[in-house]
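Geometric and topological summary
What follows is the residue order along each chain.
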Amino acid sequence: MEKCTNLAEMKEWCRAIPKIELHAHLNGCIRDSTLLELAKLLGEKGVIIFADVEHVIRKCGRSLTECFQLFDLFHILATDHETISRITKEVVEDFAAEEVVYLELRTTPKNNEAKGMTKRSYMKAVINGLRSVDTVDASFINLNGKTESFCEPMQKSCTTCMEKKKIYVRLLLSIDRRETTAAAMETVCLALEMREFGVVGIDLSGNPVVGEWDTFLPALKYAKEQGLPVTLHCGEVSNKMEIQAMLNFSPDRIGHACFLDEDDWEKARLSQIPVEICLTSNLRTQRLSSIHVHHFANLYNANHPLVLCTDDTGLFSTSLSNEYYLAAETFGLDKKDMLQLGANAIEFVFADSEVKKAIREIFRAFERRLTDEFPSWKS
Ligand code: IMP
Ligand code: ZN
């Protein structure tokens, strides 16, 4: 791997290349400015004391416990349908702005009786948020199973369509590790029902020291039986039994994988399970002593399927471009390596082959443009 000497150039390259985001939690990606605005508003209404939460929101370098405390705060700030729609819109626009061309956004459907919110109405608010995206052309799936886009049908003569950045958005429904078997099953059933709205899979997440694998297994098995892909937060903490059980389940992808032993990796290698790598998240939550000992390097050198992701852009003050840059700078990857790394992720998306074909074409078009402008870039 050749070290890139011009770091500023590499930073710009990581921003400019098309990228695929497969591990981003909706509420973990709220803009700081939006969080502060929501907190101020609730402070004025007397629901919270703004001064108590301001420093928590502004704090950098949170511990794992503080991160989950902050999620509880997020859930107080973002409990009504309107706010959920607004956050969804902003998150999609933020990813599109940094050349993310395919986004698999995950979120935990929530019940909130006081706000008249059910898991279904929560998801409707998310879909409404997707519909309200107007600064970019967000493509998801509508009721008829056809791709719905803000500017659909795409008209060659529509200059607004042609000028807007295009982003494919698909959704994963998360099961929170605090949930019961019945609640997990409810989420899987909702995901199956909402396939027509671009729901393409299930995620298991939440505080890794909470809950038991056996609680979620029936719902995850059901998802699998129904042909709904599953990704698991796996090995975020050291828990040998759970890691083995998760790998035996043969998930379609795993996230983090920080505490896998050699025999676990052997199993993951044999089944070629793609790994969602979240460098900044792992560092901030103190999974590793240093980025230089991150398992990214071993996986990359072994050609194991992997994809760079953000986890929570808001919580960890990062972006996908930043994660790419961090990988390039730390592990000495060059421009071509980074573009290839991004393109490799097409094979791991949960969307159908038509979408994969469309994203492949976006990457090809980018390469064609480069070859035209800089004929020597490939050599
Ligand atoms: P939401 O599902 O849209 O509400 O996004 C926030 C939720 O994602 C949190 O409450 C957690 O359950 C989950 N989450 C976000 N980051 C992490 C992580 O690093 N590990 C495990 N779960 C996470
Ligand atoms: Zn995560």
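Parameters and conventions
Residues numbered from 1 in each chain as written. Chains lettered and ligands numbered in written order. Predicted model: local features only at pLDDT ≥ 70, side-chain atom pairs only at ≥ 80, totals over all residues. Heavy atoms only, no water. Helix = DSSP H or I, 4+ residues; strand = E, 2+ residues; numbered from the N terminus. Contact = heavy atoms within 4.5 Å. Lys, Arg positive; Asp, Glu negative; His and termini not counted. Charge placed at Lys NZ, Arg CZ, Asp CG, Glu CD. Buried < 20%, exposed > 50% of the residue type's maximum accessible area, 1.4 Å probe, protein only. Pairing = 2+ DSSP bridges. Donors = N, O, S within 2.8 Å, 3.2 Å for Na, K, Ca; no water. Tetrahedral: all angles 85-135°; square planar, octahedral: opposite > 155°, others 65-115°. Polar contact = N/O pair within 3.5 Å; in protein donor to acceptor, adjacent residues only side chain to side chain. Near = heavy atom within 4 Å. Areas by Shrake-Rupley, 256 points an atom, 1.4 Å probe, with all protein chains shown as cover. Nonpolar A, V, L, I, M, F, W, Y, C, P; charged D, E, K, R; others polar. Domains from an automatic or database assignment. Disulfide = S-S within 2.5 Å. Phe/Tyr/Trp six-rings, centres within 6.5 Å; stacked < 30°, edge-to-face > 60°. Lys NZ or Arg CZ within 6 Å of the ring centre and 35° of its normal. Core = buried A, V, L, I, M, F, W, Y, C linked by side-chain atoms within 4.5 Å.

1. Observations regarding the overall build of the chain
Along the backbone of the chain there are 16 helices and 10 strands. Taking all contacts inside the chain whose residues are at least 6 apart in sequence as the whole, residues at least 24 apart take part in 71%. Mean positive and mean negative side-chain charge positions of the chain (45 and 56 charges, respectively) differ by 3 Å.

2. Topic: the pairing of strand S5 (residues 166-176)
Burial analysis of S5 places 10 of its 11 residues in the buried class, which makes it a mostly covered element. Taken together, the 6 bridges between strand S2 (residues 100-107) and S5 define a ladder with parallel strand orientation. Bridging from a neighbouring strand, tyrosine 102 pairs with tyrosine 168 of S5. Sheet topology places strand S3 (residues 137-141) next to S5; 3 bridges connect them, and they run parallel. Looking across to S5, one finds that serine 139 is bridged to tyrosine 168. Summarising the sheet, S5 and strand S6 (residues 199-205) pair through 6 bridges and their orientation is parallel. Within the sheet, the bridge partner assigned to serine 174 lies in S6 and is aspartate 203.

3. Some details on the coordination of the zinc ion (ligand 2)
Within the protein, the atoms that donate to the zinc ion (ligand 2) are His23 (NE2), His25 (NE2), His233 (NE2) and Asp311 (OD), at distances of 2.1 Å. Around the zinc ion (ligand 2), the 4 donor atoms are arranged such that angles at the metal cover 81 to 166 degrees; this shape is classified as irregular. All donors of the zinc ion (ligand 2) belong to a single chain; written as a sequence motif, their spacing is H-x1-H-x207-H-x77-D. Taken as a pair, histidine 25 in strand S1 (residues 19-25) and histidine 233 in strand S7 (residues 230-234) lie far apart in primary sequence, 208 residues in all. Each of the two residues, histidine 25 as well as histidine 233, counts as buried.

4. Details of helix H15 (residues 335-344)
Turning to H15, its buried residues number three or more, namely Asp337, Met338, Leu339, Leu341, Gly342 and Ala343. Contact partners of the buried residues in H15: helix H1 (7-16), S1, helix H13 (296-301), strand S10 (306-308), helix H14 (320-331) and helix H16 (353-373). Sitting at the head of H15, aspartate 334 places a side-chain oxygen 3.2 Å from the backbone nitrogen of lysine 336.

5. What about the site of ligand 1?
In the vicinity of ligand 1 lie 17 residues, with Thr107, Thr108, Lys110, Glu236 and Asp312 positioned nearest. Contact between ligand 1 and histidine 25: an oxygen atom at 3.0 Å from a side-chain N or O atom of the residue. With respect to ligand 1, the side chain of histidine 75 contributes an N or O atom lying 3.4 Å from an oxygen atom. Protein contacts shield 98% of the accessible area of ligand 1, which totals 490 Å² for the unbound molecule. The greatest single-element share of the shell around ligand 1, amounting to 3 residues, is contributed by helix H4 (residues 64-77). When the residues that make up the shell around ligand 1 are grouped by side-chain class, the tally is 3 nonpolar, 9 polar and 5 charged. Counting contributing residues, the shell around ligand 1 receives three or more from each of domain 1 (2-30 + 78-369) and domain 2 (31-77).

6. Let's talk about the environment of alanine 268
As for its position among the elements, alanine 268 is in helix H11 (residues 262-271). Measuring from C-alpha to C-alpha, the distance between alanine 268 and serine 250 comes to 8.7 Å, with 18 residues separating the pair along the chain. If near-sequence neighbours (up to four positions away) are discounted, alanine 268 is found in contact with Leu247, Ile273 and His304.

7. Let's talk about the state of the cysteines
Summed over all chains, the structure comprises 0 disulfides. Free cysteine cysteine 29: the closest other cysteine sulfur is in cysteine 278, separated by 10 Å. Given a relative accessible area of 3%, cysteine 29 falls into the buried group.

8. Section: the packing of aromatic side chains
According to the stated counting rule, one finds 5 aromatic pairs in the structure shown. Considering the side-chain rings of phenylalanine 296 and tyrosine 300, the 5.5 Å spacing of their centres and the 15 degrees angle between planes classify their relative orientation as stacked. Of this pair, phenylalanine 296 and tyrosine 300 both sit in helix H13, 4 residues apart, roughly one helical turn. Of the aromatic side chains, those joined through ring pairs into one cluster are Phe296, Tyr300 and Phe331. Directly above the ring of tyrosine 168 sits lysine 166, whose terminal nitrogen or CZ lies 5.2 Å from the centroid. A cation over a ring is seen here: lysine 224 above phenylalanine 249, with NZ or CZ 4.2 Å from the ring centre.

9. With respect to the nonpolar core
Judged by nonpolar contacts, the single largest core of 123 residues is most densely connected at Tyr102, Ile167, Ile202, Leu220, Phe296 and Met338. Two domains share this core, each providing at least three of its residues, namely domain 1 (2-30 + 78-369) and domain 2 (31-77). For methionine 338, the residues in contact, after removing those within four places along its chain, are Met10, Trp13, Cys14, Ile17, Leu308, Tyr324, Ala327, Ala328 and Leu333.

Spatial relationships are all this shows, so hold off on functional conclusions.
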